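# Survey of secondary and tertiary structure
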Amino acid sequence: MRTFLKPAAGLVCAITLATAGCSSDKDDTSDAAGAGRPQSGASPSESASGTTSGTAYAPYVSATTASGNDSAGSPSTYNLAFVIADGSACTPSWNGTTAIGDSAVKSRISALTESGSAVRVSFGGASGKELASTCDSASELAAAYGKALDAAGTTEADFDVEGTQLADSDSVALRSEAIALLQKEREDLSVTFTLPVMPSGLDDDGVALLESANDHGVEVSTVNIMTMNYGSSYDDDMGDYAKTSARAAHGQLKTVFGLSDSGAWKGLALTSMLGVNDVDNETFSLADAAEVRAFAEEKGVAWVSMWSTFRDQRCGDDASADDAATDCSGVEQEAGAFAEAFTG
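Residues numbered from 1 in each chain as written. Predicted model: local features only at pLDDT ≥ 70, side-chain atom pairs only at ≥ 80, totals over all residues. Heavy atoms only, no water.

Let us now look at the state of the cysteines. Here is the idea: a disulfide is a covalent bond, and it sits between the sulfur atoms of two cysteines. Here the structure, examined in full by the defined rule, presents 2 disulfides. Here Cys-90 is linked by a disulfide to Cys-135, with a sulfur-sulfur distance of 1.8 Å. Taking the sign of the torsion about the S-S bond as the criterion, the disulfide between Cys-90 and Cys-135, at about 85°, is right-handed. Of this pair, Cys-90 sits in the loop between β3 (77-85) and β4 (92-94) while Cys-135 sits in the loop between β6 (118-124) and α2 (138-152); the two residues are 45 residues apart in sequence, bridging distant segments of the chain. Assessed through its relative accessible area of 6%, Cys-135 is described here as buried. Put simply, Cys-315 and Cys-328 are joined by a disulfide, and their sulfur atoms are 2.0 Å apart. When the S-S torsion is 95°, as for the bridge of Cys-315 with Cys-328, the disulfide is right-handed. Of the two residues, Cys-315 is situated in the loop between β13 (303-307) and α9 (321-326) and Cys-328 in the loop between α9 and α10 (337-342); the sequence distance between them amounts to 13 residues. Looking at Cys-315, the relative accessible area reads 12%, which means it is buried. Across the protein, the way the bonded cysteines pair up, counted in sequence order, is 1-2, 3-4. (Disulfide = S-S within 2.5 Å. Helix = DSSP H or I, 4+ residues; strand = E, 2+ residues; numbered from the N terminus. Buried < 20%, exposed > 50% of the residue type's maximum accessible area, 1.4 Å probe, protein only.)

Remember that the coordinates give geometry; whether it matters functionally is a separate question.
Have a look at this one:
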């Protein structure tokens with residue numbers, strides 16, 4: 001997600017190549033990177049409520065503050081936003097303000113998982129300092145990531161890399177090395193990268209990050225594209241733009257990871273910015289959400305997501321434009337309606 005989000009709430013984005021292989025020398029008939037690695041929740045096709053679906057629903061939530069809309073749509077997995085550095089030290093914290101082992105956060109995670117849903121720790125986002133820019137070595141960075149995962153009690157990691165971090169080749173390489181080290185220590189670690197996208201696909205920096213992960217032997221479960229913030233010239237249907245972006249990224253995953261057509265779709269996830277965005281002409285409607293869900297089901301996309309559960313409600317009559325960017329959707333809706341649209 002983007003910089004207009006509240007620093008305390010954090011923001012999003014990254015994905016898991018569900019069954020797609022991450023090595024470029026994989027046979028091009030392989031179905032996914034990291035075959036045998038666990039999916040979000042029980043599997044990408046099984047929700048917490050036990051219903052089967054080809055595409056899971058995994059929204060972004062605040063790690064520190066509960067929302068009445070968290071459980072709408074019965075998510076299979078919650079993406080906990082965000083773990084970043086505590087100041088300039090190589091110390092993981094929630095949103096740069098809350099200790100990684102905070103008891104209130106642990107209680108929140110217990111409540112989210114009580115019904116059988118899983119949690120995935122999302123590292124990075126649009127605000128604050130990403131750990132890869134504050135840690136001095138790959139081993140130190142891997143340890144910091146591990147502390148956060150252990151505190152949340154999960155083997156699911158999402159790396160949301162955007163802005164200047166995405167263009168920083170040194171931190172990209174360090175992160176790849178650290179994740180590879182962590183996967184050697186934790187064979188069940190599932191890794192997702194969340195990256196910005198355009199209707200033309202991932203930019204050169206996004207592709208370079210995936211190639212770096214591949215070169216370091218990282219097993220990538222999913223690549224989660226943020227289908228949003230295209231710019232003022234993209235003023236047509238947001239659902240169509242999301243599908244066009246997904247098709248372009250799908251081709252790039254086939255090339256980078258040597259995947260089959262179906263394997264690349266299984267290794268893709270889609271995250272939308274529900275309602276209004278900080279780009280004035282971008283409004284993602286409930287109809288767009290239903291359109292993206294149907295497309296994801298048709299193609300066999302691993303999971304769909306949104307920023308975020310605490311925005312999945314209409315704004316109050318006295319809400320400002322800033323409120324719509326942080327606390328509500330800015331469109332007419334029932335609470336939890338986007339979650340229901342994203343689960344079909």
